[in-house]
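Okay, here's what each chain looks like letter by letter:
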Amino acid sequence: MSQSPIYLDINNNKSVITALKAGEEKVFDVVYRHYFRRLCAFCSQYVSEQEEIEEIVQETMMWLWENRCTLMEDLTLKTLLFTIVKNKALNRLSHFEIKRKVHQEIVDKYDSELNNPDFYLSDELFRLYEEALKRLPKEYLEAYEMNRNQHLTHKEIAEKLNVSPQTINYRIGQALKLLRVALKDYLPLFILIFGPNFFEQS
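Remember, predicted model here, so these are calculated numbers, not experimental data.

A. Just the packing of helix 8 (residues 138-148) against helix 10 (residues 165-182), in detail. Closest axis-to-axis distance for the helix 8/helix 10 pair is 8 Å, and the angle between their directions is 95°. When the interaxial angle is binned, helix 8 and helix 10 end up roughly perpendicular. Contacts between helix 8 and helix 10 involve E139, Y140, A143, Y144, N147 and R148 on the former and, on the latter, I168, Y170, R171, I172, Q174, A175, L176, L178 and L179. Partitioning the contact of helix 8 with helix 10 into residue classes produces 10 nonpolar, 2 polar and 3 charged.

Pasting the structure below:
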């Protein structure tokens, strides 16, 4: 006797993510079928080749399954999936002018949706990041922000703070280490959205 089809309220974000984190493959199948064509349609605004479009969406869905344990229940699944597809599609466009032109076309076409703060996963990640920054020791935070925000070299920071460049190198390294520990559950998301060098020393 065949099994009854699974019932799932796809709009109940918390229950869907809870099921995914628990490894419910049937729930993943429902999510896959629900979003696949929608994501392909969205991706087609960036990429023209159908084969490449489907590859990007499939990569996105596989990323979702492989990294399901890092999902945050207070983020919508739609936000996550559309953001990943957007970033993967833009990463395929190697020429800067093409990327700029296509990105602007998408912003114009989807202005109301893309400018909705609820749409961007990066907003929530930055909130978590800023909270982690606040917990850093003062001297670590000072050196880290002078490097990241003011784009000063270790030598320039050392001169301003009247310490050695080695001391600045240590402080920034420790700041990054503490940030990676504090945000360890979300590192795959940070790397995906902001790039692999986000938590690397510059």
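B. Structural detail: the pattern of salt bridges. Scanning the entire structure with this criterion turns up 3 salt bridges. Two residues, E59 and K88, come together in a salt bridge whose shortest N-O distance is 3.7 Å. Residue E59 is located in helix 3 (residues 50-66), and its partner K88 is located in helix 4 (residues 77-92); the two are separated by 29 residues in the primary sequence. By relative accessible area, which is 19% here, K88 ends up buried.

C. Highlighting the packing of helix 2 (residues 25-43) against helix 4. Contact geometry for helix 2 and helix 4: axes closest at 10 Å, N-to-C directions at 40°. It follows from the interaxial angle that helix 2 and helix 4 lie oblique. Note on packing geometry: the crossing formed by helix 2 with helix 4 is right-handed. Touching V31, Y35, R38, L39, F42 and C43 of helix 2 are L77, K78, L81, F82, V85, K86 and A89, all from helix 4.

What counts as what
Residues numbered from 1 in each chain as written. Predicted model: local features only at pLDDT ≥ 70, side-chain atom pairs only at ≥ 80, totals over all residues. Heavy atoms only, no water. Axes fitted to C-alpha atoms, helices over the stretch in contact; angles between N-to-C directions. Helix = DSSP H or I, 4+ residues; strand = E, 2+ residues; numbered from the N terminus. Parallel < 35°, antiparallel > 145°, perpendicular 65-115°, else oblique. Contact = heavy atoms within 4.5 Å. Nonpolar A, V, L, I, M, F, W, Y, C, P; charged D, E, K, R; others polar. Salt bridge = Lys/Arg side-chain N within 4 Å of Asp/Glu carboxyl O. Buried < 20%, exposed > 50% of the residue type's maximum accessible area, 1.4 Å probe, protein only. Left-handed = near helix turned anticlockwise from the far one by under 90°.

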